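Structural characterization, general
What follows is the residue order along each chain.
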Amino acid sequence: MTASRGSVHLPRWERIVRAAPVRIAVVLIVAVWSLPTVGLFVSSLRPSANIRASGWWEAVLHPFESAQWTVANYAGVLGADGMGEAFLNSIIVTIPATAIPITMAAFAAYAFAWMRFPGRGILFALVVGLLVVPIQMALIPVLRLYTQLDLNGTFVGTWLAHAGFGLPLAIFLLFNFISQIPRDLIESAHIDGASHYQVFTRLVLPLAIPALASFAIFQFLWVWNDLLVALVYLGTDSEVATMPARLNELVGSKGEAWHVLTAGAFLTMIVPLVVFLALQRYFVRGILTGSVKA
Amino acid sequence: MTTTTTTRQRTSEPRGVVVARRVGAPLAGLAGLLAIGWAIGFLVEPDGPARLLAGIYGFVGLEGEAQAIRERGIPSLTSKLVLGVVALTVGVGAVWAVFIGANAAVERLGARWRAQVLPWVFIGPALLLLGAFLVFPMASTIGTSLSEGEGAAGNFGFVFSDASMLIALRNNVLWLLLATGGSVALGLVIAMLVDRVKREALAKTFIFLPMAISMVGAAVIWRFVYAWAPAGQPQIGGANAIWTAFGNDPVAWLQVPTLNTFALILIMVWLQTGFAMVILSAAIKGLPSEVIEAARIDGARESQVFFRIVVPMIRGSIITVATTIAIVVLKVFDIVFVTTGGRFESDVVANRMFTEFFRFRNFGHAAALAVVLFIAVVPIMVINVRNLRRQGIGS
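A quick note: this is a predicted structure, and the numbers were derived from the prediction, not measured.

What counts and how
Residues numbered from 1 in each chain as written. Chains lettered and ligands numbered in written order. Predicted model: local features only at pLDDT ≥ 70, side-chain atom pairs only at ≥ 80, totals over all residues. Helix = DSSP H or I, 4+ residues; strand = E, 2+ residues; numbered from the N terminus. Rg over C-alpha atoms; globule rule 2.2 N^0.38 Å. Contact = placed C-beta atoms within 7 Å. Buried ≥ 20, exposed ≤ 12 C-beta atoms within 10 Å, placed from the backbone. Domains from an automatic or database assignment. Nonpolar A, V, L, I, M, F, W, Y, C, P; charged D, E, K, R; others polar. Core = buried A, V, L, I, M, F, W, Y, C linked by C-beta atoms within 7 Å. pLDDT = per-residue confidence, 0-100. Expected span 1.5 Å × (residues − 1).

A tally of helices and strands in chain A yields 15 helices and 0 strands. A compact globule built from 294 residues would reach a C-alpha radius of gyration of about 19 Å, whereas chain A, at 25 Å, exceeds it by more than 25%. For chain A, the spread of C-alpha atoms along the principal axes amounts to about 75 × 70 × 30 Å. Excluding contacts between residues fewer than 6 apart, the proportion of contacts in chain A whose partners are at least 24 apart in sequence is 74%.

Put into structure tokens, the structure is as follows:
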């Protein structure tokens, strides 16, 4: 279905002319899609007075007036506005909140796929069914539970909440992958005397790395970008607030201070953008195999 | 093959290693459990990191430094780093250690017992968490919506008759139709277009990139696009710059009722189109090219090829994409919360649920709103799962 296929015998210039409308359309779409983010990034590098005086495109049109560029916005946002501490908090929240559900889900998915036990079918159906439950259904009871256990505003509480909410999708995705491993492979390992634990750690886990990676990226992006769980169970104290929670606070307190908001927003985006661009392949594979996050 | 050789080697391991493994694994499990217990206590304490550092300094003999920390505390950055290290070791390491220990304990049992107990060791932790964070809360929230606040009739009556709620419900319908429809239609068109250009992967990355951004970040990006200044002043927001260039008066996009909902829906379309494009593009590439070539040779126009052949053949993928996006859209919260906070008649159910729950502490109303959201999601999810079954995924 490439443009050239139907037109191999045409002269070169005519092929170019025929392909032009589609190319122009694609370039335009890409431009429209990118401009909002580009505008944010350009503005984050302009002094506050300039941002208020003219649109960001003016800076792009006169890129060599060096006085109009600054990194002071970032210094201010990282320090005084607390984004630096929020960055650390986000890392502390995100990594265990990604690792815990993956570990638990991998064990569970293996059991559902390769072990026989009573209630297996019903329990698996229940897990898949839980994909439907919106996070809103859990907010109130878990908050009450945490009040009793004194877990509100703690990292532990937040990891467990993220782990619990992420488990149905994790088990579902990993089961789809692990159950597809050829039966012969598993059985021959058992015949050689390997226990379930050995089969799991030495055979299944290495084979499941692509699926583990896809879910890891999902969960990482989900937790890093989350606002709701962070607001409810961690709160907005600078000691614990994650980057999205902090950014939301800044929108509330400095809604028109665009030099703060643009730099702050761009900072929250850096880590997910790097993770995403570096591991895009796994991410795309993940959404192609099971795109059903509730 | 590699696994079979390693397992054979293990049976002929020296006795010392076998003993070490037998003793070591349960110890690791016990240590893991203790570590989790200790760490929860540690992480809940605000001055935990300072006490830990003081303890470590004291242990290695630096009594002076330890004393200084006990008296003056430590800088917040150091405290955070200590916390981070403990968090990672425990969150990642200890969870594994518990599995190792439990498994080792079970392997001591006789073969018959082992086969019966081991599955529960494997799924136990996951079931425990699912029970605590999804199953029990679900039942509890339904109970709250029926019995607390103004009782079942009052809570659900509020949801379906309060004037501001009716606006929120109407907005959710608008979101559901326009954000879902817009993302799927645009994703499909872009998937068809990029299929015909050379740098397809690069173009796709640009469209897909917003998927990585948080909704809070996207909300700030678009708040800037929609920024408004009185007529005559420089318009720094892209939308008003273009709008006023045609001689119109600037518009406060986020404050004019109903127009603001459309402006917010556009943010969601911007975020979700890339997702639709990736799945639909893969589906289009999976189509047998002979069918399409044959139609073209028979004289079908491109629009006919698109609507009569491509769309029906990728119907399954379109349903998957539409239902997945619809579920995200139904639960939209962050975008509204950060941009308008639900004011100017732009509220939606999930944002209202948060307001009732967190600001007003009206748990009866909040629970009823959550239940309504849940009931709205279920049929969409059923369509999604059935459709996946038909395609042979997840069965």
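Now that the structure has been shown, we can carry on.
All right, on to the overall build of chain B then. Per the secondary structure count, chain B includes 18 helices and 0 strands. Split into buried and exposed, the 395 residues of chain B put 40% on the buried side. Long-range pairs, those at least 24 residues apart, make up 68% of the contacts in chain B with a sequence separation of at least 6.

This part is about the interface of chain B and chain A. In this complex, chain B contributes 95 residues to the contact, which on the side of chain A involves 102 residues. With 17 residues, the single largest contributor to the side of chain B that touches chain A is helix H6 (residues 111-147) of chain B.

Attention shifts here to the domain arrangement of chain B. Residue and element names in this part refer to chain B. In terms of domains, chain B is made up of domain 1 (13-146) and domain 2 (158-390). Computed from C-alpha atoms alone, the centre-to-centre distance between domain 1 and domain 2 is 41 Å. The interface is formed by 4 residues belonging to domain 1 together with 6 residues belonging to domain 2. The residue inventory of the side of domain 1 that touches domain 2, partitioned by class, reads 1 nonpolar, 3 polar and no charged.

Further remarks concern the nonpolar core. Ranked by size, the top nonpolar core spans 201 residues in total, and within it Ala-105, Ala-108, Ile-171 and Leu-174 of chain A carry the most contacts. In terms of residues, this core owes the most to one element, helix H5 (residues 83-114) of chain A, which gives 18 residues. Those residues in contact with Ala-105 of chain A that sit more than four places away from it in its chain are Leu-167, Ala-170, Ile-171 and Leu-174 of chain A together with Ala-126 of chain B.

Mean pLDDT for chain A: 89, with 95% of residues reaching 70 or above. Taken as a whole, residues 1-7 of chain A scores under 50 in pLDDT and shows 12 contacts with residues more than four places along the chain or in a different chain.

Turning our eyes to something else, we now look at the domain arrangement of chain A. Where interface size is quoted, it is often the accessible area lost as the parts come together. All names here are of chain A. What the domain assignment lists for chain A is domain 1 (5-70) and domain 2 (78-289). The C-alpha-based centres of domain 1 and domain 2 are spaced at 35 Å. With 7 residues of domain 1 in contact, the opposing surface of domain 2 contributes 6 residues. It is helix H1 (residues 12-44) that provides the largest number of residues to the side of domain 1 that touches domain 2, a total of 4 residues. Class assignment of the residues belonging to the side of domain 1 that touches domain 2 gives a composition of 4 nonpolar, 3 polar and no charged.

Before going further, it helps to examine the environment of Ile-383 of chain B. Residues and elements named next belong to chain B. Note that Ile-383 resides in helix H18 (residues 363-390). Through-space distance from the C-alpha of Ile-383 to that of Ile-319 is 8.1 Å; in sequence the pair is 64 residues apart. Ignoring sequence-local partners within four residues, the contact set of Ile-383 consists of Ile-319 and Thr-323.

Okay, H5 of chain A next. Over its 32 residues, H5 of chain A runs 46 Å from end to end, which matches the ideal 46 Å to within 8%, given 1.5 Å per residue. Counting buried positions along H5 of chain A gives 26 out of 32 residues, so the element sits mostly inside the fold.

Take unusual backbone geometry next. Phi is positive for Asp-150 of chain A, which is not a glycine, with a value near 65°. One can find Asp-150 of chain A in the loop between helix H7 (136-149) and helix H8 (155-178). The class for Asp-150 of chain A is exposed, based on 10 C-beta atoms found within 10 Å. Even without being glycine, Thr-258 of chain B reaches a positive phi, approximately 70°.

Below, the discussion takes up the confidence of the model for chain B. Close reading of the predicted structure is inappropriate where its pLDDT is low. With 89% of its residues at a pLDDT of at least 70, chain B reaches an overall mean of 86. Every residue in residues 1-11 of chain B is under pLDDT 50, and counting partners more than four places away or in other chains gives 15 contacts.

Turning our eyes to something else, we now look at the environment of Gly-286 of chain B. Residues and elements named next belong to chain B. One can find Gly-286 in the loop between helix H12 (259-285) and helix H13 (289-297). Among the residues examined, Gly-286 registers 10 C-beta atoms within 10 Å and is labelled exposed. When the C-alpha positions of Gly-286 and Phe-306 are compared, they lie 15 Å apart, and in sequence the two are 20 residues distant.

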